[in-house]
Amino acid sequence: GGLGVWSDAYIGGSINLSGSTSGTATVAASAVAGTPTLTLPTTTGTVAIDGPAFSAYLNSVQVILNNVTTKITFDAEVFDTNSNFASSRFTPTVAGYYQITVATYWTAGTQTAQLSVYKNGAAFSYGPYLSGQGSAISTLVSMNGSTDYVEIYIYLTGTSTTLYANQTGTYFM
């Protein structure tokens, strides 16, 4: 959403940006001598305003072992706008920057845990070590739109525990 509010807006009197609530927008230059151009930083061709998005969660309990880095198996989706989430992995088909947000909640409070975002199979961003019954991380990841993917891992110290399986406790978006 949001494009409809820019309908018939003029920038410097020479560019007309019109749009609709259907999700489309048109940029047109006023009549001028020469060929009007629109230059966008490091991007040519079609520019995606809204890239793929998803929200997934743990629907089946998952045991997390002590002192073992474990991939979290997010097995249910709230939404997946372009079918880019599968097998607990997000692989967007549009190049860009993606905000990755993850939270976990577990059954016992004697652990310290750290969530990590992995990009292409390697650690990309570490969250803080947190004690208690949950952990979270949010980071921005540049993705190439073809082969880049992200997954979520957790490292736990203390005693093995079980992640809560519900949409509000353990999620990835």
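Below, the structure is looked at part by part. (Residues numbered from 1 in each chain as written. Predicted model: local features only at pLDDT ≥ 70, side-chain atom pairs only at ≥ 80, totals over all residues. Heavy atoms only, no water.)

## Considerations on the pattern of salt bridges
Once the charged atoms of two side chains with opposite charge are near each other, the side chains can pair.
Stage number 1. Counted under the stated rule, the structure contains three salt bridges.
Stage number 2. Note that glutamate 151 and lysine 71 form a salt bridge whose closest N and O atoms lie 2.7 Å from each other. Here glutamate 151, found in strand β15 (residues 150-157), pairs with lysine 71, found in strand β6 (residues 69-71); they are 80 residues apart in sequence, far enough to count as distant.
Stage number 3. Taking the relative accessible area as the measure of exposure, lysine 71 reaches 24% and is therefore partly exposed.
Stage number 4. With a shortest N-O distance of 3.8 Å, aspartate 148 and lysine 119 are connected by a salt bridge. One end of the pair, aspartate 148, is in the loop between β14 (134-143) and β15; the other, lysine 119, is in strand β11 (residues 111-119), and 29 residues separate them in sequence. (Salt bridge = Lys/Arg side-chain N within 4 Å of Asp/Glu carboxyl O. Helix = DSSP H or I, 4+ residues; strand = E, 2+ residues; numbered from the N terminus. Buried < 20%, exposed > 50% of the residue type's maximum accessible area, 1.4 Å probe, protein only.)

## Considerations on the side chain of glutamine 62
Stage number 1. On the secondary structure map, glutamine 62 appears in strand β5 (residues 62-64).
Stage number 2. Side-chain polar atoms of glutamine 62 contact the backbone oxygen of lysine 71, separated by 2.9 Å.
Stage number 3. Within the structure, glutamine 62 has its side chain in polar contact with the backbone nitrogen of threonine 73 (distance 2.9 Å). (Polar contact = N/O pair within 3.5 Å; in protein donor to acceptor, adjacent residues only side chain to side chain.)

## A look at the side chain of aspartate 80
Stage number 1. Here aspartate 80 lies in strand β7 (residues 76-80).
Stage number 2. Here aspartate 80 sits buried without a salt bridge, and the closest side chain of opposite charge, arginine 89, lies 12 Å off (N-O distance).
Stage number 3. Reaching out from aspartate 80, the side chain makes a polar contact with the backbone nitrogen of asparagine 84 at a distance of 3.1 Å.
Stage number 4. A polar contact of 3.0 Å, which involves the side chain of aspartate 80, links it to the backbone nitrogen of phenylalanine 85. (Lys, Arg positive; Asp, Glu negative; His and termini not counted.)

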